[in-house]
Amino acid sequence: MNTIRKIIIPSVLALLIALSLVSCGDTSAPSVDTVDDLVFTPIETDGAPGTASDAAGQTEEPPAAFESAVTSPVTDEDQVQPQDTEANEDTAPEATDGIPAYVPAVPTGDGNAPLALMYHLVLDQPFSSLESLFVRPSELRGHIEALLEKGYTFIFADDYDYYSGKTVIMSFDDGYLDNYTEVFPIIKEYNVKITIFMISNYINGADYLSADMIKEMSSSGLVSFQSHTASHPDLTTLSADSLRYEFKTSNEAIESLTGRPVRALCYPTGANNAFVQSVASEYYDFAYTTVSTTSTAGYGALELPRLRVNRGFSKDYFLSIIP
Ligand SMILES: [Zn+2]
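Just so it is clear, the model here is predicted, and its values are computed rather than measured.

1. Section: helix 4 (residues 211-219)
Argument step 1. Taken together, the buried positions of helix 4 are M213, I214, M217 and S218. Taken end-on, helix 4 shows its buried residues confined to a sector of 125°, consistent with a single buried face. Away from its buried face by more than 90 degrees, helix 4 exposes A211 and D212.
Argument step 2. Those residues of helix 4 that are buried lie in contact with helix 3 (178-190), strand 7 (223-227) and helix 5 (240-258).
Argument step 3. G221 occupies a position one or two residues after helix 4 and carries a positive phi of about 80°.

2. So, the environment of L238
Argument step 1. Structurally, the position occupied by L238 is in the loop between strand 7 and helix 5.
Argument step 2. Since 22 C-beta atoms lie within 10 Å of it, L238 is described here as buried.
Argument step 3. Residues L238 and V276, spaced 38 residues apart in sequence, show a C-alpha to C-alpha distance of 8.5 Å.

3. Some remarks on the pairing of strand 7
Argument step 1. Among the five residues that make up strand 7, five are buried, leaving the element largely enclosed by the rest of the structure.
Argument step 2. One ladder, built from five bridges, connects strand 6 (residues 194-198) with strand 7; its direction is parallel. Note that in strand 7 the partner of F197 across the bridge is Q226.
Argument step 3. Where the polypeptide runs from strand 6 across helix 4 and back to strand 7, its parallel neighbour, the crossover connection is right-handed.

4. Quick look at unusual backbone geometry
Argument step 1. Positive phi outside glycine occurs at D207, with the angle close to 75°.
Argument step 2. Mapped onto the secondary structure, D207 falls in the loop between strand 6 and helix 4.
Argument step 3. Its identity is not glycine, yet T229 carries a phi of approximately 75°, on the positive side.
Argument step 4. Along the chain, T229 turns up in the loop between strand 7 and helix 5.
Argument step 5. T229 sits in the buried class, given 28 other C-beta atoms within 10 Å.

5. Let's talk about helix 2 (residues 137-149)
Note that an α-helix has 3.6 residues per turn; residues three or four places apart therefore point the same way.
Argument step 1. Between its terminal C-alpha atoms helix 2 stretches 18 Å, which fits the 18 Å expected from 13 residues at 1.5 Å a residue.
Argument step 2. Buried within helix 2 are the following residues: E139, L140, H143, I144, A146 and L147. What you see down the axis of helix 2 is that its buried residues fit within an arc of 160°, all on one side. Set apart from the buried face of helix 2 by more than 90 degrees, the exposed residues are S138 and E149.
Argument step 3. On its buried face, helix 2 sits against strand 2 (121-122), strand 3 (134-135), strand 5 (167-174), helix 3 and helix 7 (315-321).

What counts as what
- Each chain has its residues counted from 1, running along the sequence as written.
- Under the rules for a predicted model, residues below a pLDDT of 70 receive no local features and side-chain atom pairs below 80 are neither given nor counted, while totals for whole chains, interfaces and linings still include all residues.
- Exposure is read from a count of other C-beta atoms within 10 Å of each residue's own; the residue is exposed at 12 or fewer, buried at 20 or more and partly exposed in between. C-beta atoms are placed from the backbone.
- A run of H or I in DSSP becomes a helix once it reaches four residues, and a run of E becomes a strand once it reaches two; helices and strands are each numbered from the N terminus.
- What the arc covers is the set of directions going from the helix axis to the C-beta atoms.
- The contact rule is simple: place each C-beta atom from the backbone, and if two of them lie within 7 Å, those residues are in contact.
- Two strands pair under a simple rule: DSSP has to find at least two bridges between them.
- Handedness is read with the strands pointing away from the viewer; a crossover is right-handed when the path from the first strand over the helix to the second is clockwise.
- Here a helix's expected span is defined as the number of its residues, less one, multiplied by 1.5 Å.

This is the structure we're talking about:
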């Protein structure tokens, strides 16, 4: 049975998903989740692999409704690390091949909990009815300016507990093409870091990032590519073998392009459970959900929440909801 699942289920899922827009929605994870789900539904495309299409059930919320999503989980003092060492500096040394050398980070040990943000697409014109996923480029600029004005340092998702002070993880799910055409020029302008959770089977797919784009973005030192699995399945339906296949395959594909270890995972649609987390722990130090809050304090390293950022969030609104 395991063999059948290992071979057939991922194949079928990969086929279905390759024909659809992938979106990340809420999950099975903890009870603190109060934001509307993004529902992943296969298809309704012109049949071109990787072509985005609509998913049902997503409505754009007025920003005010978002405040209800802000929750305050119980703080877990056990999250404090025993070590107390200096955090890495933002600048990585330049390697001879032009790619910044990877510098393993060291936990600060101060229990600092970054703000984590979840984005998908940044485009003025949505190409699906999931309009809330399409943050406008001008809005993204406003969010970056708001974060800088509030004194945040931008860090990578795989450096979760490696910095002290006010830190933010700006993450983008799935690896859409606009992350290169729209987001990359903006973050270079502001010199801030982002993380892209890439679905490795979609690399070079229509509407998704190419291998060359990933190499260029990673080499800039401003973009960390981490795993969003190989085929974006519902991980809670998979066997241990299938989970390991998703994790190992995606890590290897991404690492072969970036030359950097993949140490963070983003659960497709956020779906996870204790079993998924236990297998994920074999491959990752950190894993992110779609539970939406303005602080990751009190959450385990394999169930880190991210504030959902929607189209329509102005700079002023953003300033009003972030700590
Ligand atoms: Zn996704």
